[in-house]
Each structure stands twice: as structure tokens, then as C-alpha cells.
Amino acid sequence: MLQGSPSCVWCQSGSTLRASGFCCVCRKHLQEIPSSSTNVSTSLEWDPGKTSELLSGMGVSALKKDRLGNENTPQDLLVSSPCLPPKRQKVKDNEKDFVIVRRPWLLREAESGISLDALPDELLLAIFAYLPLKDLLKVSMICKRWHRLSFDESLWQTLDLTGGNLLPGVLGQLLPAGVTVFRCPRSCIGDPLFKTSNLLKIQHLDLSNCTVSAADLHSILCLCEKLQNLSLEGLVLSDSIIKSIARNPNLIRLNLCGCSGFSAEALELMLSSCSMLEELNLSWCEFTATHVKAAVNHVTSKITQLNLSGYRENLQIADVKTLVERCPLLVHLDLSDSMMLKPECFQYFKQLVFLQHLCLSRCYQISPAALVELGEIRTLKTLQVFGIVTDSSLQLLEEALPDMKINGSHFTSIARPTVGNKKSHEIWGIKCRLTLRNPSFL
């Protein structure tokens, strides 16, 4: 380069200069950079409508854009910050229509809030534990991680779907999530459609008065071997269902009031297998005399509360004798609506040293005067004799038995999951956290 000759304003070289003051090489490079008016085209476009829809589904309201298009940017930064031009990077000849625009650093730092994705599983589970059932099912559809966490067994310990219309597949997805307490009376239950043959963890189960087929009920009970409390009141059963119940050796309370559809042989097997039973309700089942004899001959000696009411001619005094000899620990005994019982059976009741509650309602061969003999049972606290005594004779009986409460309750609580208020979300004293507030939800 000759001394004193002009140099390029860009590269300071002494190459041949144009009128613009740039050498030929620099001028060519500058021409490769598109101007700010060049249209930017990409194959992916942001759809604000879909984004707003997604946020609404998550329960988050989308922020409104201002006229300048500055979305989610604090206003104080928009006012105080200088409008910095976007930085553009050089591109090759075959990418002239593409420009990478970076947001100014100041605006990027202004984004506030903590992403839920950054929270550990333990913290998200603690948050999910406060969600009601409907919302917990909603968050399970957000992403794979949330789906996994929302079905963590720690969240599904207790579940109440009372009165629900449960479509096929619903129970097959919910019960394997770790449910141990399941309350679902008066519900319409479709085929559970279990995707696994693994045993369920259910320990307390109430399906009283449900609309469910015997086959679908069996598909649930055949996966239950840890039951402690079970109520199937009013259901049509089968021998296979009774045999499934027999595979629960730790069963403590069993309510089969008003059930039908199973043989005396299956009943015998179940009672022989469930040796830990303390409360048993077999009232008003479609029993023959053979069923009744199977019950009194095979019920466990550990039983303390027993309901065998409703067997009219099928329960004999000899059956009472056998029952008392097998079950000396009885505290509560209900033999109502047994037409064949007479005052002769009182001698057997006297052998029950722990007997506190006795029900003999509508046992019409027992006269009101004969009931006075029951006063010899010092442990007896309540006596239900509806249909035997009139209002006038009741007053005389109360005077003869002053330490005994007579006809204080029309209904028995033996082995029943819920007593009194049906709106309670408790079964056998256990409160359910996840409840179905809208029965048509599922």
C-alpha cells in the first residue's frame, strides 16, 4: 500500500475503493446481509388462539397483548428501557430469507415466575394432595410427568364414588392406583377392564346396592386378598364370588345382607376360611334351611356380632343351641323375624356371658310376659322386640326391666359400613379424601 493512499473504512486495506469508501470484497459481504425490510418466512408459526386454549385448559388466564405486541413484559421496563435494535447474524447465500432475531437481554431477564417443571416430585405431590378428585384427574392430562405423579399411590389411599355412573374401564384405571379404602354404594358399575392381573391393595370395600353384573363384580373381588371390611348388601352374587371372598383370611367385617345367588357349599367354604370374622351380617338372604345350618355350623368362634334375621321357618331352636355353643363371645345377636323361636331358647341366651344387645322383633311365638325372663341376663343393655309388644305392654315391660333399653332402634348396625347419616364420606369410621361431588362426572 502506498503511503498517503486512502484505505477501506471496513478492513483498512489499500484495495481498490468504490465511491462508497469500501473495497470490493467488503462491499460484496455487506450486500449479502438482508435489509430490515426483508420478509422473514418460517415453516412454524405461533397460533395465539391455541396457546390461549391450552392455558385455559390448565386453569391459567392468558395475558392480553398490548398494541405494541409486547407480550408478558412489565410496563416499567417498556417505558424506561431504550428500544434496542435486534441483532442480526450473517447467513449464507441460500438462506437470504432467514434472520435470527434475539430478544434484548434486558427484556429476557424481565420474565418472572418459577416453572412448575423445576419443582421436585415431592413438592408437586404435596401440591396435588390438596386437589379434589375432579381437578386431580384434569392435571393428569397435562403431560407425562404430571400423569405419573397424579396417579401416585400416596394420593389414592381413600376414594368415594358414591352414586356414580362408572363407565367401562374407569375402575380398571383408578383401583390399581393404590386405593386401600373404596366407597361406592348405589352406583352403576361398568366392566372394570383391568389392564393388569396384579392384586389390588383394597382393604375396605363398600359396593352396597350397586348395579353391577356378577361377572364384573367377580373381576374386582378376584383381585382382592387383603380385605378387612366388605359390604355387598343387596347384590346378586355367585359361588365364584363367594370363593373369592374366602381368599381373604384377614376379613373382620362382612355384610351380605339381602344377597342371593350362591350355594350352601360355597357359604360353608367361605365361613371356614374367614376365621378372623368379628362382625357378620347374613340377614334376609335367599337362604334355605341348608344355608342356615351351614351358617350356624361353620361360623367362626371369634364372632362377636351376628345378624341372622329374616329366616322365618328356616331357623330352628336347635340352630340357636348350636350357634351359642360355637360362638360364646357374642355381644350383639339379631334373630328377628324367626317364627319358630319360642321362650325355650332363652336358656341358651343366658349362656352368653358377654351378651349386651339382643333383637327378637316379630318372633311371634314369644309372648310379652315371657320377655321378663330376659332380665336374668345381667349384661343385657338393649332389647328390640318390635311387633311382639304393644304400646301398653311396652310400658309394663319397661317397668319390669328398668336397666334395659327396649325398642330403641329399628335398624341394626352389624357389619354395616355407614350408620346414620348417609351423606357421610366415612366407611367403618374411615373418612375418604377423594370424593365424587358430581355423580355424572365419570
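Conventions used here
Residues numbered from 1 in each chain as written. Predicted model: local features only at pLDDT ≥ 70, side-chain atom pairs only at ≥ 80, totals over all residues. Heavy atoms only, no water. Helix = DSSP H or I, 4+ residues; strand = E, 2+ residues; numbered from the N terminus. Contact = heavy atoms within 4.5 Å. Areas by Shrake-Rupley, 256 points an atom, 1.4 Å probe, with all protein chains shown as cover. Buried < 20%, exposed > 50% of the residue type's maximum accessible area, 1.4 Å probe, protein only. Axes fitted to C-alpha atoms, helices over the stretch in contact; angles between N-to-C directions. Parallel < 35°, antiparallel > 145°, perpendicular 65-115°, else oblique. Left-handed = near helix turned anticlockwise from the far one by under 90°. Nonpolar A, V, L, I, M, F, W, Y, C, P; charged D, E, K, R; others polar. Patch = residues over 30% accessible without salt bridge, like charges linked within 9 Å, V, L, I, M, F, W, Y side chains within 5 Å. Salt bridge = Lys/Arg side-chain N within 4 Å of Asp/Glu carboxyl O. Disulfide = S-S within 2.5 Å. Core = buried A, V, L, I, M, F, W, Y, C linked by side-chain atoms within 4.5 Å. Phe/Tyr/Trp six-rings, centres within 6.5 Å; stacked < 30°, edge-to-face > 60°. Polar contact = N/O pair within 3.5 Å; in protein donor to acceptor, adjacent residues only side chain to side chain. Pairing = 2+ DSSP bridges.

J.: Got a minute to help me understand the overall build of the protein in this structure?
T.: Of regular secondary structure, the protein possesses 15 helices and 16 strands. For the protein, the share of sequence-separated contacts (at least 6 apart) that also reach a separation of at least 24 residues comes to 60%. Summed over all atoms, the accessible surface of the protein reaches about 24900 Å², with 54% contributed by carbon and sulfur.

J.: Can you walk me through unusual backbone geometry in this structure?
T.: In most cases, non-glycine residues show a negative phi, while peptide bonds are predominantly trans. Here Asn-209, not a glycine, exhibits a phi torsion of approximately 55 degrees, which is positive. With respect to the helices and strands, Asn-209 occurs in the loop between strand E5 (204–206) and helix H9 (214–221). With a relative accessible area of 44%, Asn-209 lands in the partly exposed category. Positioned with a positive phi, Ala-415 is a non-glycine residue whose angle comes to about 65 degrees.

J.: Help me understand the packing of helix H11 (residues 264–273) against helix H12 (residues 289–298), please; the structure alone is not making it clear to me.
T.: Two quantities define a packed helix pair, namely the angle between the helix axes and the distance between the axes. Across the interface, H11 lies against H12 with an axial gap of 9 Å and an inter-helix angle of 15 degrees. Taken as axis vectors, H11 and H12 run roughly parallel relative to one another. The two elements H11 and H12 cross, and the hand of that crossing is right-handed. Between H11, through Ala-264, Leu-267, Glu-268, Leu-271 and Ser-272, and H12, the contact on the second element is made entirely by Thr-290, His-291, Ala-294, Ala-295 and His-298. Of the residues belonging to the contact of H11 with H12, the class tally is five nonpolar, four polar and one charged.

J.: Looking at this structure, I do not really get a nonpolar patch on the surface. What am I missing?
T.: Residues Leu-329, Val-353 and Phe-354 make up a contiguous nonpolar surface patch of roughly 270 Å² in combined accessible area. Mapping Val-353 onto the fold places it in the loop between helix H14 (346–349) and strand E11 (357–359). A residue is classified by how much of its surface remains accessible, and Val-353, at 54% relative accessible area, is exposed.

J.: Is there a simple way to think about the pattern of salt bridges in this case?
T.: Any two side chains of opposite charge can pair, given that their charged atoms come close. Tallied over the entire structure, the rule returns twelve salt bridges. Put simply, Glu-153 and Lys-201 hold a salt bridge, and the shortest N to O gap is 2.6 Å. Of this pair, Glu-153 sits in the loop between helix H7 (144–150) and strand E1 (158–160) while Lys-201 is found in the loop between strand E4 (188–189) and E5, placing the two residues 48 residues apart along the sequence. Looking at Glu-153, the relative accessible area reads 40%, which means it is partly exposed. Accessibility expressed as a relative area gives 37% for Lys-201, which makes it partly exposed. Note that Arg-253 and Glu-279 form a salt bridge whose closest N and O atoms lie 3.2 Å from each other.

J.: What is the right way to look at the state of the cysteines in this model?
T.: Disulfide: a covalent bond connecting the sulfur atoms of a pair of cysteines. Applying the stated criterion across every chain, the model contains zero disulfides. Not engaged in a disulfide, the cysteine Cys-285 finds its nearest cysteine sulfur in Cys-259; these two sulfurs lie 5.4 Å apart.

J.: What is the right way to read the nonpolar core from this model?
T.: Side chains of nonpolar character tend, in soluble globular proteins, to be buried together. Core analysis: the largest hydrophobic core is formed by 107 residues, its most contacted members being Trp-156, Phe-182, Leu-232, Phe-349 and Leu-360. The leading source of residues in this core is H11, at five residues. Look past the residues within four positions of Leu-360 in its chain and what remains in contact with it is Leu-335, Ser-336, Leu-341, Phe-346, Phe-349, Ile-366, Leu-374, Gln-384, Val-385 and Ile-388.

J.: Could you clarify how one ought to interpret the packing of aromatic side chains in this entry?
T.: The full count for this structure, using the stated rule, is five aromatic pairs. Each ring, one from Phe-151 and one from Trp-156, has its centre 5.4 Å from the other, and the planes form 0 degrees; the classification is stacked. As far as the burial class goes, Phe-151 and Trp-156 line up, both buried. With centroids separated by 5.9 Å and ring planes inclined at 90 degrees, the aromatic side chains of Phe-262 and Phe-287 adopt a geometry described as edge-to-face. Of this pair, Phe-262 sits in the loop between strand E7 (253–255) and H11 while Phe-287 sits in the loop between strand E8 (279–281) and H12; the two residues are 25 residues apart in sequence, bridging distant segments of the chain. Take Phe-262 and Phe-287: they sit in the same class, and that class is buried.

J.: I'm lost on the packing of H12 against helix H13 (residues 317–326) in this one. Help?
T.: Interaxial distance between H12 and H13 falls to 8 Å at its minimum, and their mutual angle equals 25 degrees. Classified by the interaxial angle, the pair formed by H12 and H13 is roughly parallel. Between H12 and H13, the contacting residues are Val-292, Lys-293, Val-296, Asn-297 and His-298 on the first element and Asp-319, Thr-322, Leu-323 and Arg-326 on the second.

J.: What is the right way to look at H9 in this model?
T.: Every α-helix carries 3.6 residues per turn, so stepping three or four residues along brings you back to the same face. Those residues of H9 lying buried are Asp-216, Leu-217, Ser-219, Ile-220 and Leu-221. Structurally, H9 contributes buried residues whose contacts are with helix H8 (170–174), E4, E5, strand E6 (229–231) and helix H10 (239–245).

J.: Is there a simple way to explain the side chain of Thr-300 in this structure?
T.: Locating Thr-300 in the fold gives a position in the loop between H12 and strand E9 (305–307). The class of Thr-300 is buried, set by a relative accessible area of 9%. Of note is the side chain of Thr-300, whose polar atom sits 2.9 Å from the backbone oxygen of Ser-275.

J.: Whenever I open this one, the sheet that holds strand E3 (residues 181–183) confuses me. Can you help?
T.: What holds strands together in a sheet is hydrogen bonding between their backbones, with the strands either parallel or antiparallel. The parallel open sheet is built from twelve strands, whose spatial order is E13-E12-E11-E10-E9-E8-E7-E6-E5-E3-E1-E16. Of all the strands in the sheet, just strand E13 (405–406) and strand E16 (434–435) have a single pairing partner and so form its edges. Alignment of E9 against strand E10 (residues 332–334), held across three bridges, turns out to be parallel. Its bridge partner lying in E10, Asn-307 is registered against Asp-334.

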